[in-house]
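What follows is each chain in one-letter form.
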Amino acid sequence: MDVTSPEASRQTQQGAETVARIKHHVQVMHMAWGLAWLIGYGLRFLDDGPGGRVFVDLPDRLPLIVLLVLLAGAGATTAILGVRAFGRGATDPRSTQQAKRYGTAWLVGFVGLIITIGKISSDLSPHQSELLWGATTTGLVGALHMSGSAIWGDREQFRMGLWLTLVNVIGVIAGPGWQALIICLGAGGVTVVLATHNLLRLGRNS
């Protein structure tokens, strides 16, 4: 008869708790980026819509500053939660190692992106900077979602990655103004809704 030892049971429970914590932190990271897109690009659209149309007259460069601050805040949130969630010792289960590596990809990917694009965008016009930030952040999130689907076997996450990639391409093709609206609603709005749903589901299952 196969009897599970107390030590094995303890390790299995710790592994499950670690995976649950990591999944929760990842959804909070998603929420941070979704809010950054929703609010930041929402302001960009209102102040500088298609064809330069102004829906709400905001102070010069305020929307761009708010967008960059929100993106930096999302990056900081990712870094802090990454240290808390993935800096702790892993237990034996293979799924925990997968979760750690997935979370590390978010941490390293976005920190590197913020530093790199922050340097490049300083020499660009506001419209070019907007296109660059939108395309790179949305594109990276889409790729990470699809990578996560391979780890977790989650079809919903793969579909989300494809959706973000599609939104990203459409936004870039549409150009300044329209890109802001497309990313605000298509990337930001959808990400916030899904992250909220997943956080509530994780809360019910805990």
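Note: the structure precedes this text.
I will try to describe carefully the structure that is included in this document. These numbers were taken from a predicted model, which means no experiment stands behind them. (Residues numbered from 1 in each chain as written. Predicted model: local features only at pLDDT ≥ 70, side-chain atom pairs only at ≥ 80, totals over all residues. Heavy atoms only, no water.)

## Topic: the overall build of the chain
Now for step 1: When you go through the chain residue by residue, the secondary structure sums to six helices and zero strands.
Now for step 2: Overall, the chain shows an N-to-C arrangement of helices and strands of α-α-α-α-α-α.
Now for step 3: Scored against the burial criterion, the 206 residues of the chain give a buried share of 38%.
Now for step 4: Taking contacts inside the chain between residues at least 6 apart in sequence as the whole, the part at least 24 apart equals 71%.
Now for step 5: Carbon and sulfur atoms provide 64% of the accessible area of the chain, an area that totals close to 10600 Å². (Helix = DSSP H or I, 4+ residues; strand = E, 2+ residues; numbered from the N terminus. Buried < 20%, exposed > 50% of the residue type's maximum accessible area, 1.4 Å probe, protein only. Contact = heavy atoms within 4.5 Å. Areas by Shrake-Rupley, 256 points an atom, 1.4 Å probe, with all protein chains shown as cover.)

## Observations concerning helix 6 (residues 178–205)
Now for step 1: Taking 1.5 Å per residue, 28 residues should reach 40 Å; helix 6 reaches 39 Å between its end C-alpha atoms and fits that length.
Now for step 2: By the largest-angle criterion, Cys184 marks the main kink of helix 6, which is about 25°.
Now for step 3: Along helix 6, the residues classified as buried are Gln179, Ala180, Ile183, Cys184, Gly186, Ala187, Gly188, Gly189, Thr191, Val192, Ala195 and Asn198. (Expected span 1.5 Å × (residues − 1). Bend = angle between axes of the 7 residues up to and from the residue.)

## Describing the nonpolar core
In globular proteins that are soluble, nonpolar side chains generally tend to be buried together.
Now for step 1: One finds Trp33, Trp37, Tyr41, Leu71, Trp106 and Phe110 to be the most contacted residues of the largest nonpolar core, which totals 28 residues.
Now for step 2: Of all the elements in the fold, those that place two or more residues in this core are helix 1 (6–47), helix 2 (62–86), helix 3 (94–121), helix 4 (126–152), helix 5 (155–174) and helix 6.
Now for step 3: Those residues in contact with Trp106, other than ones at most four positions away along the chain, are Met29, His30, Trp33, Thr78, Val141 and Leu144. (Core = buried A, V, L, I, M, F, W, Y, C linked by side-chain atoms within 4.5 Å.)

## A few points about the packing of aromatic side chains
Now for step 1: By the definition in use, this model includes three aromatic pairs.
Now for step 2: Between Trp33 and Trp37, the aromatic rings sit 6.5 Å apart at their centres with planes inclined by 45°, giving tilted as the arrangement. Within this pair, Trp33 and its partner Trp37 are both found in helix 1, separated by four residues, close to a single helical turn.
Now for step 3: Since its relative accessible area comes to 1%, Trp33 is described here as buried. (Phe/Tyr/Trp six-rings, centres within 6.5 Å; stacked < 30°, edge-to-face > 60°.)

## Some details on the layout of surface pockets
Now for step 1: In this model, the largest pocket occupies a volume close to 500 Å³.
Now for step 2: Forming the walls of the largest pocket are 22 residues, and the residues nearest its centre are Lys23, Gln27, Asn198, Arg201 and Leu202.
Now for step 3: Mapped by element, the contributors of at least two residues to the lining of the largest pocket are helix 1, helix 4, helix 5 and helix 6.
Now for step 4: A breakdown of the residues in the lining of the largest pocket according to their chemical character gives nine nonpolar, nine polar and four charged. (1 Å grid on protein atoms, 1.4 Å probe; cavity = no way out; pocket = protein on both sides within 12 Å on 5 of 7 lines; lining within 4 Å. Points joined across faces, edges and corners; volume = space filled by probe spheres on them. Nonpolar A, V, L, I, M, F, W, Y, C, P; charged D, E, K, R; others polar.)

## Here we look at the packing of helix 5 against helix 6
Now for step 1: Viewed as axis vectors pointing N to C, helix 5 and helix 6 meet at an angle of 165°, and their least axial separation amounts to 7 Å. Classed by the angle they form, the pair helix 5 and helix 6 counts as roughly antiparallel. Note on packing geometry: the crossing formed by helix 5 with helix 6 is left-handed. Packed against helix 5, whose contacting residues are Glu156, Met160, Trp163, Leu164, Val167, Ile170, Gly171, Val172 and Ala174, the element helix 6 presents Trp178, Gln179, Ile182, Ile183, Gly186, Ala187, Val190, Thr191, Leu194, Asn198 and Arg201 at the interface.
Now for step 2: Considering only residue class, the contact of helix 5 with helix 6 consists of 13 nonpolar, five polar and two charged. (Axes fitted to C-alpha atoms, helices over the stretch in contact; angles between N-to-C directions. Parallel < 35°, antiparallel > 145°, perpendicular 65-115°, else oblique. Left-handed = near helix turned anticlockwise from the far one by under 90°.)

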